[in-house]
Amino acid sequence: MPSTNPIPIKTDLVFRPAPIENGNNAASSPRSSAVHSTKHKHTRSSYSESSPLTAMSRNNSLTYRPLKRSTPSPDKTIAIINASGRQAASLIRIATAVGYRVRAQLRNLEGVIATEVATNPNVKVFVGELYLRNKPDDKRDVTVHGHLPGILVNRTLISQLFNGAQLAFINTTFYGNEIQIGEAIADAAKKAGVQHYVYSSMPDHAAYNPEWPSLPLWAAKHEVEKYVRKIGLSATFVYTGIYNNNFTSLLYPLFCMELQPDGSFEWQAPFHPNAKLPWLDAEHDVGPAIIQLFKDGPEKWNGKRIALAYEYLTPLEVCQAFERGLGRRVRYKRGPIDLRVKIPAGYREQLEALEKLFSPNNPDAEKQPPYFGDPELEKRCPEDALALWEGPRGLEEYAREIFPLEEEVNGMTWMFEDENGPTFEGVGEDNEDAADNGENPEDGEGGDDESVDEGLVMRGLKRDEESWLA
């Protein structure tokens, strides 16, 4: 059975991205140093050097370098698409740090993560979309689910990406026809003789229960997984849990941890407050897990599905972890998905289906569908993930050390403000009451902002380089 309690977390791994120049010396501020010394002793962030909270940390991932170990350097190359997404960037950092070469596709060179990838000496970058528009003046939204006449697959770029690659980590997204792109990538990998193909998949819930609606973005991944199996690639399929990094106080749908006037936070979502969900710190933990898959090889993992999630928590337990990490009250309020910003059409379709699948009107936690669709796969949380990597970053640590950093980068200042109220030691009774009995607020459809990754993935204003990629 899945573990019901947060796991003890090891925190001794530091990733080593390529060095970049940065003249920002904001850490000299006494106020910033005080905040850093009390709450951010083990900070790791892929864009942390810009933050006064992290510049003095010995664990700053842009300045600290771990000691070299006397392990043989792997003489292999990994092909990776959507390299500025959280999953891919996590893998690139750890893979290049231990000696792998990487051939990485980027949609563009804009943003911090794209710069980090492009300046890494062990990465060869291929810039361009995985889709092509048949007509230059075609301005259609390419995120819409289903067939898109005139939107083609960039087979030339895909073929170039796999030249000389022995391994592949592929996380397709909803830009262009995801199924056609996924099939073309698999074909190119097989033609190039890739030895181990790791695909970041997700379920089609309707395939497990016809009464469950399909989530369009996940159903596309399910179809790609079936094709990869059909053509006989030596492949492993990872199913990633909900990203810890999804949470933001910006008004993005589903994972808005909204700051309240009294300094507390409130998270509203349709999930049953007592139903377990899988969680993952994608930036910190995807890379080491995928590296272990490659080290073990297809002899051990060919054809297998892996539940890549290190905690299995209810929404109430998530709020408890955040509360312990932040030292502030954090409440869960069950309700519909609030759409208060503009989102791509494909993601809107995903959210509409998700609210049907995880209905806020379902009174029974036992009747909430498994997040991964397959109950047997879900039962293996977090054991599957721990078999690959034993040093994950849990939600409490994320809330304490990383959430304030991402908030600050997004222009928030609450982490610097004096807290006049009491420090909260545990979740109060009103947390569960709010979760069970809270009234649904009105659906605000105000000013919009394109800020969503594929699936259940968000990113902040300063992470525009991810371009909605997981």
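Residues numbered from 1 in each chain as written. Predicted model: local features only at pLDDT ≥ 70, side-chain atom pairs only at ≥ 80, totals over all residues. Heavy atoms only, no water.

(A) Just the overall build of the chain, in detail. Counting secondary structure elements, the chain contains 14 helices and 15 strands. The burial tally for the chain puts 59% of its 470 residues in the buried class. Sequence separation of 24 or more characterises 76% of the internal contacts of the chain that already satisfy a separation of 6 or more. Accessible surface computed for the chain: about 18900 Å², of which carbon and sulfur atoms make up 48%. (Helix = DSSP H or I, 4+ residues; strand = E, 2+ residues; numbered from the N terminus. Buried < 20%, exposed > 50% of the residue type's maximum accessible area, 1.4 Å probe, protein only. Contact = heavy atoms within 4.5 Å. Areas by Shrake-Rupley, 256 points an atom, 1.4 Å probe, with all protein chains shown as cover.)

(B) Representation of the pairing of strand β6 (residues 167–170) in the model. Burial of β6 is two-sided: the residues Leu 167 and Phe 169 facing one way and the residues Ala 168 and Ile 170 facing the other way are all buried. Across three bridges, the pairing between strand β1 (residues 77–80) and β6 is parallel. Looking at the pairing, Ile 78 lines up with Leu 167 of β6. Where β6 meets strand β7 (residues 196–201), four bridges bridge the pair, whose relative direction is parallel. Its bridge partner being in β7, Phe 169 is matched across the sheet by Val 198. For the handedness criterion, the β-α-β arrangement of β6, helix α5 (residues 178–192) and β7 is classed as right-handed. (Pairing = 2+ DSSP bridges. Right-handed = clockwise from strand over helix to strand, strands pointing away.)

(C) Highlighting the pattern of salt bridges. In total, this model carries 23 salt bridges according to the counting rule given. A salt bridge links Glu 129 to Arg 107, with the shortest nitrogen-to-oxygen separation between them at 2.8 Å. Here the residue Glu 129 occupies a position in the loop between β3 (123–127) and β4 (131–133), and Arg 107 occupies one in the loop between β2 (101–106) and α3 (112–118), the gap between them amounting to 22 residues. Take Glu 129: its relative accessible area is 23%, and that puts it in the partly exposed class. The closest approach of N and O atoms between Arg 400 and Glu 396, which form a salt bridge, is 3.8 Å. Residue Arg 400 and its partner Glu 396 are both found in helix α13 (residues 395–409); the two are separated by four residues, about one turn of the helix. A relative accessible area of 29% places Arg 400 in the partly exposed class. (Salt bridge = Lys/Arg side-chain N within 4 Å of Asp/Glu carboxyl O.)

(D) How the structure looks around the nonpolar core. In this structure, Phe 162, Tyr 197, Phe 247, Trp 267, Phe 271, Trp 279 and Phe 322 are the most contacted members of the largest nonpolar core, which totals 88 residues. What Trp 267 contacts, discounting residues up to four positions off in sequence, is Phe 247, Leu 254, Phe 255, Cys 256, Met 257, Trp 279, Pro 315, Val 318, Cys 319, Arg 331, Tyr 332 and Lys 333. One finds Ile 80, Leu 167, Tyr 310 and Ala 385 within the second-largest nonpolar core, a separate group that totals 37 residues. (Core = buried A, V, L, I, M, F, W, Y, C linked by side-chain atoms within 4.5 Å.)

(E) Seen up close, the packing of aromatic side chains. What the rule picks out here adds up to 20 aromatic pairs. Arranged with centres 6.1 Å apart and planes meeting at 85°, the rings of Tyr 239 and Phe 372 form a pair that is edge-to-face. Of the two residues, Tyr 239 sits in strand β8 (residues 235–240) while Phe 372 sits in the loop between α10 (345–357) and α11 (375–378), which places them 133 residues apart along the sequence. Classification of Tyr 239 by relative accessible area gives buried; the value is 0%. Taken together, the ring pairs in this structure connect Phe 247, Phe 255, Phe 265, Trp 267, Phe 271, Trp 279, Phe 322, Tyr 332, Phe 358, Tyr 398, Phe 403 and Trp 414 into an aromatic cluster. When the ring centre of Tyr 175 is taken as origin, the NZ or CZ atom of Arg 107, which lies over that ring, is 3.8 Å away. (Phe/Tyr/Trp six-rings, centres within 6.5 Å; stacked < 30°, edge-to-face > 60°. Lys NZ or Arg CZ within 6 Å of the ring centre and 35° of its normal.)

(F) Representation of helix α2 (residues 86–97) in the model. The first and last C-alpha atoms of α2 sit 17 Å apart over twelve residues, in line with the 16 Å expected at 1.5 Å per residue. When we look at burial in α2, the residues that qualify are Arg 86, Gln 87, Ala 88, Ala 89, Ser 90, Leu 91, Ile 92, Arg 93, Ile 94, Ala 95 and Thr 96. One or two steps after α2, the chain reaches Gly 99, where phi turns positive at roughly 115°. (Expected span 1.5 Å × (residues − 1).)

(G) Quick peek at the pairing of strand β11 (residues 265–269). Summarising burial for β11: five of the five residues are buried, a large majority. The side-chain alternation of β11 yields two buried faces, one formed by Phe 265, Trp 267 and Ala 269 and the other by Glu 266 and Gln 268. Taken together, the three bridges between strand β10 (residues 257–259) and β11 define a ladder with antiparallel strand orientation. Bridged to Leu 259 within β11 is Phe 265. Where β10 folds back onto β11 in an antiparallel hairpin, the turn is made up of five residues, including Gly 263, whose phi is positive at roughly 90°. Where β11 lies against strand β15 (residues 330–334), five bridges are found, and the strand directions are parallel. Along β15, the bridge assignment pairs Glu 266 with Arg 331.

(H) Quick look at α10. Compared with the 18 Å implied by 1.5 Å per residue over 13 residues, the 19 Å span of α10 between its first and last C-alpha is a close match. Within the span of α10, buried status applies to Gly 346, Tyr 347, Gln 350, Leu 351, Ala 353, Leu 354 and Leu 357. For α10, the elements touching its buried residues are α6 (216–230).

(I) View of the sheet that holds β1. With parallel pairing, the seven strands of this open sheet are ordered in space as β3-β2-β1-β6-β7-β8-β13. Edge positions in the sheet fall to β3 and β13 (305–308), since each has one partner strand and no second. This sheet shows a mean twist of 20° between the axes of neighbouring strands, independent of strand direction. Where β7 and β8 come together, five bridges link them in parallel fashion. Residue pairing in the sheet places Ser 201 in a bridge with Tyr 239 of β8. (Axes fitted to C-alpha atoms, helices over the stretch in contact; angles between N-to-C directions.)

(J) Broad picture of the packing of α2 against helix α7 (residues 282–296). Orientation of α2 relative to α7, taken along the N-to-C sense of each, is 60°, at an axis distance of 7 Å. Regarding the angle of α2 to α7, the classification is oblique. For the crossing formed where α2 meets α7, the hand is right-handed. Along its contact with α2, which presents Arg 86, Gln 87, Ser 90, Leu 91, Arg 93, Ile 94 and Ala 95, the element α7 presents Ala 282, Glu 283, His 284, Asp 285, Val 286, Gly 287, Pro 288, Ile 290, Ile 291 and Phe 294. (Parallel < 35°, antiparallel > 145°, perpendicular 65-115°, else oblique. Left-handed = near helix turned anticlockwise from the far one by under 90°.)

(K) Broad picture of the packing of α6 against α10. Where α6 contacts α10, the axes come no closer than 7 Å and their chain directions differ by 100°. Relative to α10, the element α6 is oriented roughly perpendicular. Every residue of α10 that contacts α6 at Pro 216, Leu 217 and Trp 218 is listed here: Gly 346, Tyr 347, Glu 349, Gln 350 and Ala 353. Looking at side-chain class alone, the contact of α6 with α10 contains five nonpolar, two polar and one charged residues. (Nonpolar A, V, L, I, M, F, W, Y, C, P; charged D, E, K, R; others polar.)

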